[in-house]
Amino acid sequence: METCKNRTSDSSKSPIRYRVSGMDCAKDAAQIERAVQSAGIAPDAVKVSAATHIMTLNIPESQLAEIEKAAATTGYGFERMDANDDGTQSAAHQDPAYRRALWIVVLLNVGYGIVEMVGGFLAGSQAVKADALDFLGDGLITFLGLLAIGWSLVWRARSAMIQGIFLGVLGLGVLGTTIWRVFAQTTPDANLMGLFGFIALIVNVLAVLPLLKFRKGDANMRAVWLFSRNDAIGNAAVVVAAVLVYLMGSAWPDLIVAFGIAGLFLHSSWSIIRDARADLKET
Ligand SMILES: [Zn+2]
């Protein structure tokens, strides 16, 4: 009886939506969902769209305080949207200083993405190429966010879909050439690998700095780590693989890390496509 009553009252509720700021990576969406779920709500009651950066909650208003507390630990900004907010207006995006910061992030990510992709070919390293994809992906997402200011949700979801497909094709390309490399192994240049992986770590931190003062919470080292860790783990894996390639004189560490990074990247592209489809169906 009690469950039945709850179910009817829950399903009759309209979803509560938040605009999330500070996301620059599809992996961030999953991280926020996990944090919110840890407050003890059902996994399907929270959805963070990697395509439109909107968090949708299907919970009673009474649970909201606890959810907001859990969300705040992630460090991202959450701005509640009212019922007739169609997602086109974002106060933060109207701020010229914030837009300038976003342009710097785009230039750093896309710029180093291209440099690292070339570096991957120079070093003969699949892991470096896979790592470059993440920079290109994050740069494109931020670029899209800048272009899409004032666009309707439908158009943002459509362009996110195109972007997701484009990134997916790139990811499949790297995955395919990595499989091919398993059968035609050449040992990558460990020094170059380590160099490009190490610079990637630095660029990831640099790309977080311009946005810090626009994010909620303290602009301290913990915040830098919080916002760059999802990508820094991949960069660090490239450096570790470079050391192992050097010690073992084998291509395997490079190939294994490449499979891991390319797999995660394909998963991110798929989240963008899936979320964009869900957003399109909703509007
Ligand atoms: Zn990323």
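- Going by an unreviewed UniProt entry, the chain carries the name Cation transporter and comes from Ahrensia marina.

Some points on the UniProt feature "transmembrane region" (unreviewed entry) in the chain
Now for step 1: On the UniProt side, "transmembrane region" (unreviewed entry) is annotated at positions that read residues 101-123, 135-154, 161-180, 192-212, 232-249 and 255-273 here.
Now for step 2: Annotation note: span residues 232-249, helix share 94%, strand share 0%, distance between end C-alpha atoms 25 Å.
Now for step 3: Measuring from the first to the last C-alpha atom of residues 255-273 gives 26 Å, for a span that is 100% helix and 0% strand.

Examining unusual backbone geometry
Now for step 1: A positive phi is found at histidine 53, a non-glycine position, where the angle reads about 60 degrees.
Now for step 2: Structurally, the position occupied by histidine 53 is in the loop between β2 (46-48) and β3 (54-57).
Now for step 3: Here histidine 53 falls in the buried class, since its relative accessible area comes to 16%.

Observations concerning the packing of helix α5 (residues 96-123) against helix α6 (residues 126-147)
Now for step 1: Look at α5 against α6: their axes get within 8 Å of each other, and the N-to-C directions meet at 155 degrees. Taken as axis vectors, α5 and α6 run roughly antiparallel relative to one another. Both α5 and α6 take part in a crossing whose hand is left-handed.
Now for step 2: Looking at side-chain class alone, the contact of α5 with α6 contains 17 nonpolar, 6 polar and 5 charged residues.

What counts and what doesn't
- Residues numbered from 1 in each chain as written.
- Predicted model: local features only at pLDDT ≥ 70, side-chain atom pairs only at ≥ 80, totals over all residues.
- Heavy atoms only, no water.
- UniProt positions renumbered as here; feature names shortened; annotations may be inferred.
- Helix = DSSP H or I, 4+ residues; strand = E, 2+ residues; numbered from the N terminus.
- Buried < 20%, exposed > 50% of the residue type's maximum accessible area, 1.4 Å probe, protein only.
- Axes fitted to C-alpha atoms, helices over the stretch in contact; angles between N-to-C directions.
- Parallel < 35°, antiparallel > 145°, perpendicular 65-115°, else oblique.
- Left-handed = near helix turned anticlockwise from the far one by under 90°.
- Nonpolar A, V, L, I, M, F, W, Y, C, P; charged D, E, K, R; others polar.

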